[in-house]
Every structure is written in C-alpha cells, then in structure tokens.
Amino acid sequence: MRWDQLAPPAPPRPPNSPHPIHLLVSISPAEPGLRRGSSIDRQMLSVARRPISGAVPAGNLLGIHLFKCPDTVGIVAKLSECIASRGGNIHSVDVFVPEDKHVFYSRSEFTYNPKLWPRDELHKDFLSISHFFSAQRSTVRVPDLDPKYKISVLASKQDHCLFDLLYRWQEGRLPVDINCVISNHDRPEDNHVRRFLQRHGIPYHHLPTTPGNKREQEILELIEGTDFVVLARYMQILSESFLKSYGKDIINIHHGLLPSFKGGHPSRQAFNAGVKLIGATSHFVTNELDEGPIIEQMVERVSHRDTLQSFVVKSENLEKQCLAEAIKSYCELRVLPYELKKTVVF
C-alpha cells in the first residue's frame, strides 16, 4: 500500500472500561480556531523527532500507532482510553492539526503486556477506532513482533548510498530485510559491494538498460512481495506504468545543490560556480521527476577552502545520511501524507 492510500475500515467494537495512564506530551502554542480535546489540550502537540522509546519494562513490548482522520473533539481521549483499558502505558504522543484544515494527524508510542493484549486483539482494537473516526490511515506496529519491512534496493554506478545502506543494515540500524539489489551497471565479482552481498546471501541482479528498454517488467518480478523500494542513486526514470504496477512506496535520494545543476557532473558544475550551500533531498517517487513529497532534507555549507574532492565528499555524505534517515522515519511510522504534495514527519 502506498503512503497516500487509505486503510481499510473495520466493524465497530464496544469500548472497554478506562484505566489510569501516564501521558507525556509536548504542547505547542494555541492555533486560532482549533478546539480542545477531552483529557488534554489538543491544539497542536508537536515535538521534535526523537529515538523510539528505549525504556520498556521487562515483559512488555513497544507499540507504535500512526493515525490520520477528519478532525473532531475527543480523538486523543479515545486513543488513550483504548491503550489504557488494556493496561498499556503511553510514552509519547505527537499530534498535528493544520490551521483551517479539518484533518487530525497523530503518532503514539506505548508499552503494553502482550499476555494481556494479544497482537490480534491489539490490531482489532485500533481498527475499531479507525472505523469510529472514519480514518484515512490507521497503522499499528509492534517492532519486536511484526516482520521487518522487506525492501529491494536499486542502484546505478555510484556505490556510496548503496554501501552505506548495506552497512547500516548489517549494524542493525535499519529495521529492514533486503530482498535483493538491482543495478543497471555491472560490478566485478571482487567488488566490495558484490563481496558483501555474497557474504550475506543477498541476490545481486545486473539488468543493463537502454533508452528503449528499461527492464521494468523484470524489475517488477524481482521486487514482487516487497513492502517498499529504495532508489540508492538509481539513475533511471521509472515510468508511470511501472509505478502503477508496483503500487507501493518508492523512496528516492538526489543531490540538492543550490542553485540547481542538471546533467553530467553536477558536483563539478556547482563547485566551479562557487556555491556556498549544498544539500540532499529524499522523497517519494511520483510521475513528476524528483518532485514527489519530501521526507527528509539536509544541508551543509561549503566555502572557497573546499577542494573539488572535499566538496564531493560532503555532498555524498549528505546523500547517505538523508536517505538513511528517510528510510528510518518511514519504518518507524513517522511519515504521513499532508495535502497534495507534502508530508507530516513526526
């Protein structure tokens, strides 16, 4: 399912009796026209992104819930009641209600005892809330129980983003399972990427492309069953037909050199032009080239003291970090569609 698709509704379920909870939130200044919720001031609960809660009591599990629905009074209270009635404890809640928009966004982290709240019952309870509020999106994950996201990675000639993802995956810093790596540029058997993939049993597929044949049908067969796809500097344009056939999210990374430099050797062009600010942008892939909804952006200053080599290193480091952060945010249920081309990233 793509980032902008709706979650299926579920039949209503009778609410359970309330149970005391501890609710930790950060409340931003009031916005005009926003109403107050039941148990807390639900104006705009917006906090900076932070690591997933680390303090989970022994025997308990961490759950994450991402929610989007039409705005109304009492949503936070209902979510809190659901978790509390099962003996759960909320660790954090981020809520965003846009000014003059009738939409409610939230992300909650909570701990609970799986013996008191089995995984299938947890799923049914949140689906019941989704139906009650006519939610456009309601997703719950239990990282220690649910399968990791299954992904495929597409790359071209450059290795820096690809190998960085492989290294982070090996270190356990990206909660994904890599199905395969697909490239339109071949790499020798003794290449460091090929050796890494062979060592970890990850298939590598070389599919050379031409202007008349982008090998899209073969790619679709290789990525079948994945949860999303990552373009780690894959220098091919995916067709509208490909995007519709895959039907799930694709995350891309590209340089953000300011001003924009297109064509071959953009870093050299920008260096020769004497730019002072470079960056990287990670976004969802859409029919519009490099203009999909943005997930993450990073920037860094450069100066006359930089050589072309240091300039390129800084640019590539930004691309690696930006792509990894976007994938991590996506897997931690921090990303929601906002308006037509924007995202909410908690």
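Residues numbered from 1 in each chain as written. Predicted model: local features only at pLDDT ≥ 70, side-chain atom pairs only at ≥ 80, totals over all residues. Heavy atoms only, no water.

### A look at the overall build of the chain
Here is step 1: A count of helices and strands for the chain gives eight helices and 13 strands.
Here is step 2: Classification of the 346 residues of the chain by burial places 49% in the buried group.
Here is step 3: Restricting to contacts in the chain with at least 6 residues of sequence separation, those with at least 24 account for 68%.
Here is step 4: Surface accessibility of the chain: about 16,800 Å² in total, with carbon and sulfur atoms responsible for 53%. (Helix = DSSP H or I, 4+ residues; strand = E, 2+ residues; numbered from the N terminus. Buried < 20%, exposed > 50% of the residue type's maximum accessible area, 1.4 Å probe, protein only. Contact = heavy atoms within 4.5 Å. Areas by Shrake-Rupley, 256 points an atom, 1.4 Å probe, with all protein chains shown as cover.)

### What about the pattern of salt bridges?
Here is step 1: Taken as a whole and judged by the stated rule, the model has 19 salt bridges.
Here is step 2: Between Arg194 and Glu189 there is a salt bridge, with the nearest N and O atoms lying 2.8 Å from each other.
Here is step 3: For Arg194, a relative accessible area of 12% puts it in the buried group.
Here is step 4: For Glu189, a relative accessible area of 51% puts it in the exposed group.
Here is step 5: Note that Glu218 is salt-bridged to Arg215, the shortest N-O span being 2.5 Å.
Here is step 6: A relative accessible area of 31% places Glu218 in the partly exposed class.
Here is step 7: For Arg215, a relative accessible area of 17% gives the class buried. (Salt bridge = Lys/Arg side-chain N within 4 Å of Asp/Glu carboxyl O.)

### Details of the environment of Lys78
Here is step 1: When you line up the elements, Lys78 lands in helix α1 (residues 75-85).
Here is step 2: On the basis of relative accessible area, Lys78 is assigned to the partly exposed category, the value being 21%.
Here is step 3: Between the C-alpha atom of Lys78 and that of Ile129, which follows or precedes it by 51 residues, the distance is 7.7 Å.

### Describing the environment of Leu333
Here is step 1: Examined against the element boundaries, Leu333 turns out to sit in the loop between α8 (308-331) and β12 (335-338).
Here is step 2: With relative accessibility at 1%, the residue Leu333 sits in the buried group.
Here is step 3: In this structure, the C-alpha to C-alpha distance between Leu333 and Val140, residues 193 residues apart in sequence, is 8.4 Å.

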